[in-house]
Amino acid sequence: MFINRAMNPVNCARDRDAFEWRRDEINVVLAFAGFYVREDGRVVHASKETTLSGARARAGRMKAALETRNVHAEVLNYCRAELIEE
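What you are looking at is a predicted structure, and each value in this text was computed from that prediction instead of being measured.

1. Structural notes on the overall build of the protein
In step 1: In terms of regular secondary structure, the protein is built from five helices and two strands.
In step 2: Along the protein, helices (α) and strands (β) appear in the sequence α-α-β-β-α-α-α when read from the amino end.
In step 3: Out of the 86 residues in the protein, the part that is buried amounts to 23%.
In step 4: Sequence-distant contacts in the protein: of pairs separated by 6 or more residues, those separated by 24 or more amount to 30%.
In step 5: Counting every atom, the protein has about 6500 Å² of accessible surface; 55% of that belongs to carbon and sulfur.

In C-alpha cells:
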C-alpha cells in the first residue's frame, strides 16, 4: 500500500523522468520478491528473479528508450548491463 501511494503518477506529473527513475529503481528490488510497479504506479505480482542481472534487465528500459529514439545500431551493441553499471 505504501508503494502504491508513493508511486501515484499524480505526484510526479511535472517530472515524468523522476517517476520513471524511481519506478526502475524500485522494480530492481521488488523483482526479487516477485512484484513490480506498473506505469500507473500500482504494484502487481510477477515471477521472482534470482539474479541481480535479471532484476536489472527486467526493470531497465534503457535499450527500449534508445530504440524508440532511433539511435545508431552501434550504440545498441554496447547497451549491455556490464557496460552501463552504476
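2. Overview of the pattern of salt bridges
One side chain can pair with another of opposite charge once the charged atoms of both are near each other.
In step 1: Taken as a whole and assessed by the stated rule, the structure comprises three salt bridges.
In step 2: Put simply, R23 and E20 hold a salt bridge, and the shortest N to O gap is 3.1 Å. Taken together, the residues R23 and E20, both in helix α2 (residues 16-31) and three residues apart, mark about one turn of the helix.
In step 3: Take E20: its relative accessible area is 11%, and that puts it in the buried class.
In step 4: A single salt-bridge network, built from bridges that share partners, covers R16, E20 and R23.

3. Re the environment of N11
In step 1: Tracing the sequence through the fold places N11 in the loop between α1 (2-6) and α2.
In step 2: The contact partners of N11, leaving out residues within four places of it in the chain, are R5 and A6.
In step 3: From its side chain, N11 meets the backbone oxygen of R5 in a polar contact 3.3 Å long.

4. Quick look at α2
In step 1: Across its 16 residues, α2 extends 22 Å between first and last C-alpha, which sits within 8% of the 22 Å expected from 1.5 Å per residue.
In step 2: Those residues of α2 that sit buried are A18, F19, E20, R23, D24, N27, V28, L30 and A31.

Conventions and cut-offs
- Sequence positions are assigned chain by chain, starting from 1 and proceeding in written order.
- Totals for whole chains, interfaces and linings use all residues, but because this is a predicted model, local features are given only for residues with pLDDT of at least 70 and pairs of side-chain atoms are given and counted only at 80 or more.
- The basis for every side-chain value is the complete set of heavy atoms in the structure, and neither hydrogens nor water enter the calculation.
- Helix and strand definitions here come from DSSP, where helices need a minimum of 4 consecutive H or I residues and strands a minimum of 2 consecutive E residues; each element is numbered from the N-terminal end.
- Categorising residues by exposure relies on relative accessible area from a 1.4 Å probe, with only protein chains included: less than 20% of the type maximum marks a residue as buried, more than 50% marks it as exposed, and the intermediate range marks it as partly exposed.
- Note on definitions: a residue-residue contact is assigned when non-hydrogen atoms from the two residues lie within 4.5 Å.
- Note that accessible areas follow from Shrake-Rupley with a 1.4 Å probe, and for residues the cover is restricted to the protein chains shown.
- A pair is scored as a salt bridge if a Lys or Arg side-chain nitrogen falls within 4 Å of a carboxyl oxygen belonging to Asp or Glu.
- Under the rule applied, a polar contact is a pair of N or O atoms within 3.5 Å (in protein, one hydrogen donor and one hydrogen acceptor; residues adjacent in sequence only if both atoms are side-chain atoms).
- Each helix should span, by expectation, one fewer than its residue count multiplied by 1.5 Å.

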